[in-house]
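Observations on the three-dimensional arrangement
Each chain, letter by letter, is given below.
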Amino acid sequence: MQRRQLIQAAGALPLAALAPAAFSFDGPELYAGEKALYQAAQKEGLCVSFDTGPEWANWKALFREFKKRYPEIELTYNDIGSAATVLALEKTRRRPQADTAYYFAASAVDAAAKDVVAPFKPVNFEHLPPVFREAEGRWFTIHTLNIAFLVNRQLVKTVPTGWADLLRPEYRNAVVYLDPRTAGVGQVVAFAAAYAMGGSVDDVKPGTDYLGRLHAAGNVLRVEGTTPYAKFLKGEIPIWIGYENDGLKARHVDGMGDALEVVIPREASVAAPYAISLVKNGPNPNAGKLWLNFTMSQAGQALFAQGFVRPAVPGVPLAADIAAKMPAAPQIRPLDVVKASARKAEVDRLWAEATVGR
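Here is what the cut-offs are and how they apply
Residues numbered from 1 in each chain as written. Predicted model: local features only at pLDDT ≥ 70, side-chain atom pairs only at ≥ 80, totals over all residues. Heavy atoms only, no water. Salt bridge = Lys/Arg side-chain N within 4 Å of Asp/Glu carboxyl O. Helix = DSSP H or I, 4+ residues; strand = E, 2+ residues; numbered from the N terminus. Buried < 20%, exposed > 50% of the residue type's maximum accessible area, 1.4 Å probe, protein only. Contact = heavy atoms within 4.5 Å. Pairing = 2+ DSSP bridges.

Let us now look at the pattern of salt bridges. Oppositely charged side chains may form a pair once their charged atoms are brought near each other. Evaluation of the coordinates by the stated rule reveals 22 salt bridges. Of the charged contacts, one joins Glu261 and Arg153 as a salt bridge, the two residues approaching to 3.2 Å between their closest N and O atoms. Of this pair, Glu261 sits in strand 10 (residues 260-263) while Arg153 sits in the loop between strand 6 (140-152) and strand 7 (175-178), placing them 108 residues apart in sequence. For Glu261, a relative accessible area of 24% puts it in the partly exposed group. Linking Asp179 and Arg181 is a salt bridge whose minimum nitrogen-to-oxygen distance equals 2.8 Å. Look at Asp179 and you get buried, because its relative accessible area is 10%. Judged by its relative accessible area of 37%, Arg181 is partly exposed.

Our focus in this paragraph is the environment of Leu278. Positionally, Leu278 belongs in strand 11 (residues 269-279). You can call Leu278 buried: its relative accessible area is 5%. Between the C-alpha atoms of Leu278 and Tyr102, which are 176 residues apart in sequence, the distance is 9.3 Å. If we skip the residues at most four places from it in the chain, Leu278 touches Asp99, Val117, Ala118, Phe120, Pro285, Gly288, Lys289 and Leu292.

Time to look at the pairing of strand 9 (residues 239-243). Strand 9 sits mainly inside the fold: 5 of its 5 residues count as buried. Alignment of strand 6 against strand 9, held across 5 bridges, turns out to be antiparallel. The partner of Ile147 across the bridge, within strand 9, is Tyr243. Inspection of the sheet shows strand 7 paired to strand 9 by 2 bridges, in the parallel sense. Of the residues in strand 9, the one forming a bridge with Val175 is Ile239.

This part is about the pairing of strand 3 (residues 74-77). As defined by bridge partners, strand 2 (residues 46-50) adjoins strand 3 across 4 bridges and the pair is classed as parallel. Counted as the bridge partner of Ser49 is Tyr77 from strand 3.

Structure representation (structure tokens):
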């Protein structure tokens with residue numbers, strides 16, 4: 001298949017507008033073997049990256065810096081969603097169009113089970129927590145989204161610092177979160193609450209029981225079916241239990257400023273992993289590996305942090321202003337998505353028993 005046809009088939013968009021004048025990097029390698037891999041990738045000249053929408057997780061900056069460092073590689077993408085990405089890989093398994101695929105890690109587990117992704121261990125693979133990587137490298141986590149309390153200080157007098165605080169009478173009709181039965185973040189909230197209440201990914205009942213008590217106290221304003229970001233910006237939600245990055249974006253990009261407090265609850269939180277894979281029999285394997293290594297290098301990981309998502313590789317140096325926005329939070333637990341996915345039906349049932357009948 002010719003390159004132009006491949007791009008059209010992938011539904012990918014060229015990044016020429018983001019590319020600076022051609023530049024070939026000199027000096028130290030980001031990792032051993034980088035220049036040799038780049039030379040091999042130049043013979044392919046193209047990398048097709050599925051589901052990396054430029055406005056999400058700072059992919060635009062990663063596109064720009066990749067092109068700056070590797071000007072001979074044309075990088076294209078689409079933005080179709082995690083489940084749709086797995087479906088697309090499955091439909092095209094005989095003649096793959098993508099070289100890499102990015103998704104919520106539960107979808108990565110699905111892709112590996114369907115044998116549409118290939119083993120590849122990128123730079124820094126061994127530094128990831130074991131639950132953040134498939135043993136042979138069929139998927140690995142590149143950044144996380146972490147459960148936080150997003151608190152509108154114009155509507156809330158005292159900022160809660162933990163899950164126990166939310167049960168107080170002063171937070172009556174103040175709390176919003178997503179339905180675990182229909183939204184992935186709702187499931188992650190249940191597991192975060194479970195860890196805070198002495199449970200775990202293997203024992204979610206303390207979390208669903210806690211949410212039941214929150215409802216019984218009258219402190220839940222409503223449960224949403226989809227992400228209520230616009231409603232939060234409009235001042236319709238006092239406390240949103242959601243993802244940290246949404247709060248940081250609302251505070252630092254979308255105008256809420258100091259009116260918004262982003263709190264990692266003191267008892268425990270959970271890190272939801274977002275993963276990437278090398279596509280099995282992809283058309284440009286060396287370019288795909290070059291792209292995956294870049295996302296996992298210290299340079300790539302630091303760029304994710306600039307987009308308010310936490311790097312998956314521990315200890316990546318961050319600029320002081322970025323580190324201040326995402327301070328160390330040792331109470332954040334890495335979520336085992338293999339176990340979490342297997343317990344979805346149980347979470348749905350326990351949550352409904354604890355909350356819906358009230």
